Amino acid sequence: MLTRAERRRGIGWGLLSLVGIAFFVGIAVAALLSWDAGNTQSLLFTAYTWRILRFTLLQAVLSTLLSVVFALPVALALARRPSFPGRVWVIRLMALPMGLPVLIGALGLIGIWGRHGAMNSLLLKLGLEQPISIYGLSGILLAHVFFNLPLAARLLLAALERLPAEYWLLSSSLGMKPFSVFRFIEWPAARRVIPGITGLIFMLCATSFTLVLVLGGGPAATTLEVAIYQSLRFDFDPPRAIALSLLQIGMTALILVAISLFPAPDDSGITTGRATRRFDGRTVPARLWDTLAILLAIAFLILPLASIVAAGARANLWSLLSSAAFLRAAWTSFTIALSAGLLAVLTSLAIIAGREAIADMKRPAGTARAFSVSLGGMSSLVLLVPPVVLGTGWFLMLRPFGDVARFAPALVAIINMLMALPFVMRVLAPAVETHRERTGRLSASLGLSGFSRVWRIDLPVLARPLLTALSFAMALSLGDLGAVALFGSSELTTLPWLVYSRLSSYRTNDADGLALILGIICLALTMIGTAGRRETSHD
Amino acid sequence: MTDGIALDKVELKLGAREFRFDCALPAGAVTAITGPSGSGKSTFLNLVAGFETPDRGRILIAGGDVTEKHPSERPVSLVFQDNNLFAHLDLAANIGLGISPSLRLSGNDRAAISQALERVGLGGFEKRTPGTLSGGERQRAAFARALVRKKTVLLMDEPFAALDPGLRLSMANLLIDLHRETGNTVLIVTHDPDEVGRLADHAIFIDHGQILLQARAEEFLVRRDIPALAEFLSG
Ligand SMILES: Nc1ncnc2c1ncn2[C@@H]1O[C@H](COP(=O)(O)OP(=O)(O)OP(=O)(O)O)[C@@H](O)[C@H]1O
Ligand SMILES: [Mg+2]
């Protein structure tokens, strides 16, 4: 269907993005490997690194377990109550943590579960003495559950709602009791998606940086990523940072292989409007149980969010908004986010064009197929080599060439771009594919190509998904602390970095106000994104 | 009063659509439910099955008032167009759920399941899962479950619509055979006038949520005085 020139261009674009990403990631890894290798090997498995690795895995296992175990009753309850009052809003609430910068979420959690938080004050009044600590393992678990329980619940709910409506009619007509419905219908459906969900959440928790930085960080509660950051930023001990980075890459590689064995979960099919009808669970205990599960989940999610708003509103927002520090950080954040977003969209388009050109060949040679596969893999390379490791590599690489701070904004933008790439691909690839299926033959037969095709045929249709992808990527970059953590300084201050440094210097009032502002910006961007996505998935 | 199925001045409003059904269907017979798309055929069946409760009026099955009864308390079996079987359970479990909803089955029950499978031409298929069956075989398995349930009423919503014409014919024959054996009351929704002739003793025609005609099948098929029905019968 493509003209020869188009195919050549597609392959060219694909090759360019492939080489670009491989170069950026390769340099970082090469820099790590070439730094005094003899010394590193002996550092790879010391008592210290073992402890860190053990804690990383332990907290990830526990976080995943708790998230999925508590998500299951919530998802079951929501699935069984299609006309629960405000159900749509409950489901939307469960999408919120995903769009919220992690640092902001952490602040909200501290507001509720912290030493002076609402929860401990309540427990104090009830006669217990400070039973919950937001710092250390318990805090990390709490925070991971806050972010991942809603994710798991949404994915489980989607799996339950994808079941044919006839199942519920049949089960009630057959007289199946709640336990039978669970055993024969709900659990088999959940069991199919739980491995995928578990893998996804485990990966997120094992590589979580910001939450552990803010809530853990002490020697007893540090994950690999945070330990890398600390050994570079505080102890300036590159060999240890390198050893930890290599461990990190090894660990994520193993997790990725394990995950690839299971089908990826998706939340398509979740109904926010007209829902299926259920005839089971009409008894009073069932109603109470479901209501309790849903209300507890709402409280667990909404209290920290409310705390962000309440604490933020106490700050003098206007003077914060007009302060020089805020304006400078906002400008820096915005330029980095816009560059990262545009880069991510362009790179995705290049990757898609490359794969399209290969798919268009009648008999692609082995090399062409390998090229196509590696293009797909490239887009998620950042999962294997996480931001802090990339940053570490480039940090070591650039140090001989002068002040790293000079290169820092570009590095942060590129790393943010790589972080956004998997999400952007998930939005753009299917959109472009369906668009090509619909218009490819017609355009080819009309001889439309080049600029006029892009302008008249592609842009009008793809504008929405492009905007969605861009706003997702920008939100991700705006809220990210992981990439900027290594380079943050008085010269390079992004909004999350500003919040974090205000927090570290105990100017919590400012931090709360800034957090509210940043949270609103990121949620607004994500909402633009989701609105666009819903639109495209409907037609 | 009849010992079949009676909808006694039943009224129901769904969204903006209003339904008004008042009829008595004979026991031990096959009644075809026909009508244009969106006329309310499935809604009619849902009322009998208990998935909809009337705003006004009563529903009686075999003389008993079931208006307020949960679907599981009504003496009915169901066969839909599709998804009659739980895809992850084998046929023995799928049919066994018709006997015991918690799948506590005795040796006798298992024998009954095997017999029912045999009866619908699926002997030895106990361990097969629905995904490995053809569309016709899946509907046969649904019949087998209706057999073991031994309910007096069988409700079917376009059970053959997804099958090709040849298969429809043999499934219709199977249904007739099973009906003769059990003497149950069958309501079958269909879009196909030929099927009415082949299967039904009686037929009703629904349009815009109301029953326009209830008649014996022979009479039903030659009526030309109702325009909507004439259109339905001509194809
Ligand atoms: N829960 C509901 N809320 C609002 N409207 C409904 C609801 N259920 C059914 N309807 C409407 O009632 C009408 C009858 O629906 P029904 O499913 O009974 O039609 P049908 O005769 O079975 O059609 P088909 O032959 O296409 O299956 C339709 O217009 C439908 O949109
Ligand atoms: Mg219908």
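Just so it is clear, the structure is predicted and the values come from calculations on it, not from any experiment. (Residues numbered from 1 in each chain as written. Chains lettered and ligands numbered in written order. Predicted model: local features only at pLDDT ≥ 70, side-chain atom pairs only at ≥ 80, totals over all residues. Heavy atoms only, no water.)

Overview of helix α22 (residues 495–504) of chain A
What counts is decided by this rule: Remark: exposure states derive from per-residue accessible area (1.4 Å probe, protein chains only) relative to the maximum for the residue type, with buried under 20%, exposed over 50%, and partly exposed in between. Strands here mean DSSP runs of E at least two residues long; helices mean DSSP runs of H or I at least four residues long; both are numbered from the N terminus.
Within α22 of chain A, eight of the ten residues are buried, which leaves it mostly tucked inside the rest of the structure. Turning to α22 of chain A, its buried residues number three or more, namely Leu495, Pro496, Trp497, Leu498, Val499, Tyr500, Arg502 and Leu503 of chain A.

Side note on the packing of aromatic side chains
All names here are of chain A. The test is simple: Stacked, tilted and edge-to-face pairs are distinguished by plane angle, under 30 degrees for stacked and over 60 for edge-to-face with tilted covering the rest, among Phe, Tyr and Trp rings (Trp via its six-membered ring) whose centres lie within 6.5 Å. Put simply, a charge is over a ring when the Lys NZ or the Arg CZ is close to the ring centre, within 6 Å, and near the line of the ring normal, within 35 degrees.
Counted under the stated rule, the structure contains 16 aromatic pairs over all chains. Plain terms: the ring middles of phenylalanine 236 and phenylalanine 395 are 6.3 Å apart, the flat faces sit at 55° to each other, and that makes the pair tilted. Of the two residues, phenylalanine 236 sits in the loop between α11 (224–233) and α12 (238–260) while phenylalanine 395 sits in helix α18 (residues 387–398), which places them 159 residues apart along the sequence. Using a relative accessible area of 15% as the deciding quantity, one classes phenylalanine 395 as buried. Just above the ring of tryptophan 89 sits the side chain of arginine 92; from NZ or CZ to the centre is 4.7 Å.

Let's talk about the interface of chain B and chain A
Put simply, the test is: The criterion used for residue contact is that any of the two residues' heavy atoms lie within 4.5 Å. Buried area: the accessible area, evaluated with a 1.4 Å probe, that two parts lose upon being put together, summed over both parts. By definition, a salt bridge exists where a carboxyl oxygen of Asp or Glu is found within 4 Å of a side-chain nitrogen of Lys or Arg. Any residue that is not Ala, Val, Leu, Ile, Met, Phe, Trp, Tyr, Cys, Pro, Asp, Glu, Lys or Arg is counted as polar, Gly included; the first ten are nonpolar and the last four charged.
Contacts between the two partners involve 23 residues from chain B and, on the opposite side, 19 residues from chain A. Summed over both partners, the interface of chain B with chain A buries about 2000 Å², with 63% contributed by carbon and sulfur atoms. For the chain B face of the interface with chain A, the top three residues by lost area are Phe51, Phe86 and His88 of chain B, together amounting to 30%. On inspection of chain B and its partner chain A, the count reaches one salt bridge. A salt bridge links glutamate 52 of chain B to arginine 277 of chain A, with the shortest nitrogen-to-oxygen separation between them at 2.8 Å. Every element with two or more residues in the side of chain B that touches chain A is listed here: β6 (76–79), α2 (91–99) and α4 (135–149) of chain B. Looking at the side of chain B that touches chain A, its residues break down into twelve nonpolar, seven polar and four charged.

Here we look at α11 of chain A
Residue and element names in this part refer to chain A. The buried fraction of α11 is high, at nine of ten residues. Looking only at α11, the buried set comprises Leu224, Glu225, Val226, Ala227, Ile228, Tyr229, Gln230, Ser231 and Leu232. Summarising the contacts, the buried residues of α11 are in contact with α3 (47–80), α10 (210–215), α12, α18, α21 (482–485) and α22.

Considerations on the site of ligand 1
Residue and element names in this part refer to chain B. The following threshold applies: Any residue with a heavy atom positioned within 4 Å of a molecule or strand is treated as near that molecule or strand. Residues adjacent in sequence count toward polar contacts only when both atoms are side-chain atoms; beyond that, a polar contact is any pair of N or O atoms within 3.5 Å, and within protein one must be able to donate a hydrogen and the other to accept it. To measure how exposed things are, a 1.4 Å probe is used in the Shrake-Rupley method; for residues, cover is taken only from the protein chains shown.
Around ligand 1, 14 residues are found, and the nearest of them are Arg17, Ser37, Lys41, Ser42 and Thr43. Within the backbone of serine 39, one N or O atom sits 3.3 Å away from an oxygen atom of ligand 1. Contact between ligand 1 and lysine 41: an oxygen atom at 2.7 Å from a side-chain N or O atom of the residue. Burial of ligand 1 by the protein amounts to 62% of the accessible area it has alone, namely 640 Å². Mapped by element, the contributors of at least two residues to the shell around ligand 1 are β2 (17–25) and α1 (41–49). Here the shell around ligand 1 gets three residues from one element, more than from any other, and that element is α1. Looking at side-chain class alone, the shell around ligand 1 contains three nonpolar, eight polar and three charged residues.

Points about the pairing of strand β3 (residues 30–34) of chain B
Residue and element names in this part refer to chain B. Selection rule: Should DSSP find at least two bridges between two strands, the strands are taken to pair.
Among the five residues in β3, five count as buried, and that is most of the element. The two faces of β3 match: Val30, Ala32 and Thr34 on one face and Thr31 and Ile33 on the other face are all buried. By the bridge criterion, four bridges tie β3 to strand β8 (residues 185–189) in an arrangement that is parallel. When the bridges of β8 are listed, alanine 32 appears paired with isoleucine 188.

Here we look at a nonpolar patch on the surface
Just so we agree on the cut-off: For patches, a residue must show more than 30% relative accessible area and have no salt bridge; joins then use 9 Å for like charges and 5 Å for nonpolar side chains, namely Val, Leu, Ile, Met, Phe, Trp and Tyr.
On the surface, Leu65, Leu66, Val69 and Phe70 of chain A cluster together into a nonpolar patch covering about 360 Å² of accessible area. Mapping valine 69 of chain A onto the fold places it in helix α3.

Regarding unusual backbone geometry
All names here are of chain B. Phi is positive for lysine 150, which is not a glycine, with a value near 55°. The topology assignment puts lysine 150 in the loop between α4 and β7 (153–157). In this structure lysine 150 comes out as exposed when scored by relative accessible area, which is 70%.

Regarding the nonpolar core
Test applied: In this text, buried Ala, Val, Leu, Ile, Met, Phe, Trp, Tyr and Cys residues form a nonpolar core when linked through side-chain atoms within 4.5 Å.
Within the largest apolar cluster, 205 residues are counted, with the highest numbers of intra-cluster contacts made by Leu7 and Phe44 of chain B. Residues Ala32, Leu117, Leu163 and Leu174 of chain B belong to the second largest nonpolar core, which totals 45 residues.

Quick word on the domain arrangement of chain A
All names here are of chain A. Selection rule: Start and end positions for the domains come from either an automated domain assignment or a database one.
Examined at the domain level, chain A breaks down into domain 1 (1–31 + 323–539) and domain 2 (50–314). With 34 residues of domain 1 at the interface, the matching set in domain 2 holds 34 residues. For the pairing of domain 1 and domain 2, the buried interface totals around 2900 Å² over both sides, and the portion due to carbon and sulfur atoms is 76%. Three residues stand out in domain 1 for area buried against domain 2, namely Leu384, Val388 and Leu516, and they jointly supply 17% of the buried area on that side. At the junction of domain 1 with domain 2, the criterion picks out zero salt bridges. Along the contact surface separating domain 1 from domain 2 lie four residue pairs in polar contact (both at pLDDT 80 or more). Broken down by secondary-structure element, the contributors of at least two residues to the side of domain 1 that touches domain 2 are α17 (381–384), α18, α21, α22 and α23 (508–538). Top element by residues in the side of domain 1 that touches domain 2 is α23. It accounts for twelve residues. Looking at the side of domain 1 that touches domain 2, its residues break down into 23 nonpolar, eight polar and three charged.

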